[in-house]
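Residue strings, one per chain:
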Amino acid sequence: RLPVWAARPAFLHHLRRRPRLLVVGPPGAGKSTQVPQWCAEYALSLQFAHGQVVCTQPHSLAALSLALRVADEMDLNVGHEVGYCLPYEDCCISETLLRFCSDEVLLREMTSDPLLRQYGVVVLDEAQERTVATDLLLGLLKDAQRQRPELRLVVLTEPSLEESLRRLYPDAPLVRVPPLSPPPCLIYREPSPQGRVPAACQAVLELHQQEQAGDVMVFLASEQEIQECCEALRLTAASLEVLPLHPGVGRQVQKLYEMWEPPAGGPMRRVIVTHWLADAAFSVGTVRHVIDTGLELRSVSGRVGVGEGPWVLLLTCPLPFPLPLELALCVWWLRC
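Residues numbered from 1 in each chain as written. Predicted model: local features only at pLDDT ≥ 70, side-chain atom pairs only at ≥ 80, totals over all residues. Heavy atoms only, no water.

The next point concerns unusual backbone geometry. Not every positive phi belongs to a glycine, and Gln 47 is a case in point at roughly 55°. Residue position: Gln 47 is located in the loop between α2 (31-45) and β2 (52-57). (Helix = DSSP H or I, 4+ residues; strand = E, 2+ residues; numbered from the N terminus.)

In structure tokens form, the structure reads like this:
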């Protein structure tokens with residue numbers, strides 16, 4: 001039972017009575033998968049008189065993944081009752097009731113329909129990411145509700161953005177999601193002279209040898225490091241099912257949510273190798289161990305002078321402490 005279920009009665013109570021609603025909780029609590037389903041129940045109770053339900057994500061792959069996951073939980077078909085819309089792929093029909101899309105797609109829709117008349121409930125997920133599109137939607141939807149008071153707006157965020165959102169929406173009720181229990185167990189390591197990727201691989205192998213239950217999620221800085229880590233683990237441990245997770249995997253992300261049982265004589269545990277994307281938008285219930293290098297890849301751009309072209313520099317920077325700690329019940333925090 002996900003922690004977010006404890007907040008369901010209060011959520012539905014406020015959704016029926018108030019135009020705006022803030023849902024604040026830690027990552028991994030089930031907000032992204034359960035809240036859109038509750039909104040669909042609310043819209044169904046009104047026979048979708050005010051429109052469909054749309055849920056935005058800062059990242060396109062996250063919108064695709066959630067559509068697949070939620071459709072499976074609701075026992076519905078993707079592309080029919082539940083759909084997704086990405087910048088270059090639209091898997092929705094006129095009868096779609098619950099729609100997942102990137103925040104940029106919904107912002108583009110508002111240019112042609114500022115009041116979003118086809119929607120009765122708008123869910124803005126991962127608001128703490130503070131993308132340009134999400135920030136614009138927060139303001140534009142507030143204006144749209146003045147002309148469409150029946151439109152419901154639900155904002156999902158982590159506690160870090162709670163104060164700012166309460167200043168923006170002072171009249172919106174706040175629903176708190178309880179934290180995960182028990183709290184994570186943290187283990188710190190000193191930097192390894194071998195580098196981040198070999199150190200992360202070694203930590204995975206040591207954890208696997210302890211034969212503790214649960215899958216492993218590894219956070220690295222870039223897609224290149226993800227690829228290197230996956231190749232190294234596949235060569236050294238045939239008993240591991242290694243799955244990369246980054247924007248380039250596309251629909252293969254569905255493998256994360258498929259029912260998986262270790263085959264006889266096959267891999268005994270799954271290892272998901274990813275970067276910032278998983279922390280922002282993915283919760284995998286079988287993960288019990290997290291290995292994090294504590295770094296991310298950031299781009300810095302600028303211009304040399306007048307008439308010169310722009311330059312872009314990619315830097316590996318430390319992450320703010322601590323991002324993915326609450327994704328698992330037992331956390332290996334590896335700084336290397």
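More follows now that the structure is in view.
Looking now at the packing of helix α1 (residues 8-17) against α2. Two elements in contact, α1 and α2, have axes whose closest approach is 11 Å; the angle formed by their N-to-C orientations is 45°. The angle between α1 and α2 places the two elements in the oblique class. Here α1 and α2 pass one another in a crossing that is right-handed. Touching Arg 8, Phe 11, Leu 12, Leu 15 and Arg 16 of α1 are Val 35, Trp 38, Cys 39, Glu 41 and Tyr 42, all from α2. Class assignment of the residues belonging to the contact of α1 with α2 gives a composition of seven nonpolar, no polar and three charged. (Axes fitted to C-alpha atoms, helices over the stretch in contact; angles between N-to-C directions. Parallel < 35°, antiparallel > 145°, perpendicular 65-115°, else oblique. Left-handed = near helix turned anticlockwise from the far one by under 90°. Contact = heavy atoms within 4.5 Å. Nonpolar A, V, L, I, M, F, W, Y, C, P; charged D, E, K, R; others polar.)

According to the stated counting rule, one finds one cavity of 30 Å³ or more in the structure shown. Counting only elements with at least two residues in the lining of the largest cavity, the list comes to α2 and β6 (119-124). For the lining of the largest cavity, a count of residues per class yields six nonpolar, three polar and one charged. (1 Å grid on protein atoms, 1.4 Å probe; cavity = no way out; pocket = protein on both sides within 12 Å on 5 of 7 lines; lining within 4 Å. Points joined across faces, edges and corners; volume = space filled by probe spheres on them.)

This part takes up helix α7 (residues 196-209). Under the 1.5 Å per step criterion, the end-to-end length of α7 is 20 Å for 14 residues, consistent within 8% with the ideal 20 Å. Here α7 has its buried residues at Val 197, Ala 199, Ala 200, Cys 201, Ala 203, Val 204, Leu 205, Leu 207 and His 208. With its phi angle positive at about 60°, Glu 211 sits one or two positions after the end of α7. (Expected span 1.5 Å × (residues − 1). Buried < 20%, exposed > 50% of the residue type's maximum accessible area, 1.4 Å probe, protein only.)

Now for the environment of Leu 97. Relative to the assigned elements, Leu 97 resides in the loop between β4 (89-91) and β5 (98-102). On the accessibility criterion, Leu 97 (33% relative accessible area) is partly exposed. Separated by 43 residues in sequence, Leu 97 and Val 54 place their C-alpha atoms 8.3 Å apart. Beyond its immediate sequence surroundings of up to four residues, Leu 97 is in contact with Phe 48, Gln 52, Val 53, His 80 and Glu 81.

A word on a nonpolar patch on the surface. Taken together, Val 132, Leu 136 and Leu 140 make up a surface patch of nonpolar side chains, about 270 Å² in accessible area. Relative to the helices and strands, Leu 140 resides in helix α5 (residues 132-147). (Patch = residues over 30% accessible without salt bridge, like charges linked within 9 Å, V, L, I, M, F, W, Y side chains within 5 Å. Areas by Shrake-Rupley, 256 points an atom, 1.4 Å probe, with all protein chains shown as cover. Salt bridge = Lys/Arg side-chain N within 4 Å of Asp/Glu carboxyl O.)

Taking burial as the measure, the six residues of strand β13 (residues 287-292) include five buried ones, the bulk of the element. Both strand β10 (residues 215-219) and β13 contribute to a ladder of five bridges, which runs parallel. Pairing of Asp 215 across the sheet is with Val 287, part of β13. (Pairing = 2+ DSSP bridges.)

This part covers the side chain of Thr 33. For Thr 33, the position within the fold is in helix α2. Here the side chain of Thr 33 touches Gln 34 through a polar contact of 3.1 Å, side chain to side chain. When sequence neighbours within four positions are dropped, the list of residues in contact with Thr 33 reads Leu 2, Leu 66, Arg 69, Val 70 and Glu 73. (Polar contact = N/O pair within 3.5 Å; in protein donor to acceptor, adjacent residues only side chain to side chain.)

Bringing the nonpolar core into the picture now. Within the largest apolar cluster, 42 residues are counted, with the highest numbers of intra-cluster contacts made by Phe 11, Val 23, Val 35, Cys 39, Phe 100, Val 123 and Val 154. Considering each element in turn, this core owes the most residues, eight residues, to helix α3 (residues 60-74). Excluding anything up to four places from it in sequence, Phe 11 contacts Leu 21, Val 23, Val 35, Trp 38, Cys 39, Val 154 and Val 175. (Core = buried A, V, L, I, M, F, W, Y, C linked by side-chain atoms within 4.5 Å.)

Before going further, it helps to examine the sheet that holds β6. The mixed open sheet is built from eight strands, whose spatial order is β4-β3-β5-β2-β6-β7-β1-β8. Each edge of the sheet is formed by a strand with only one pairing partner; in this case those strands are β4 and β8 (174-176). Adjacent strand axes in the sheet meet at a mean angle of 20°, parallel and antiparallel pairs treated alike. Bridge analysis of strand β3 (residues 82-86) against β5 gives four bridges, and the strand direction is parallel. Counted as the bridge partner of Tyr 84 is Phe 100 from β5. Most of the contacts of α2 go to strand β7 (residues 152-157), to which it runs at about 170°, and overall it touches β1 (20-24), β2, β5, β6 and β7.

Here we come to the pattern of salt bridges. Per the counting criterion, the structure on display carries eleven salt bridges. Between Arg 8 and Glu 41 there is a salt bridge whose closest N-O contact spans 2.5 Å. Of this pair, Arg 8 sits in helix α1 while Glu 41 sits in helix α2, and the two are 33 residues apart along the sequence. We classify Arg 8 as partly exposed; its relative accessible area is 21%. Salt-bridge contacts for Asp 143 lead to Arg 146; the nearest nitrogen and oxygen are separated by 2.4 Å. Note that Asp 143 and Arg 146 are positioned in helix α5 at a spacing of three residues, about one turn of the helix. Taking relative accessible area as the criterion, Asp 143 reaches 39% and is therefore assigned partly exposed.

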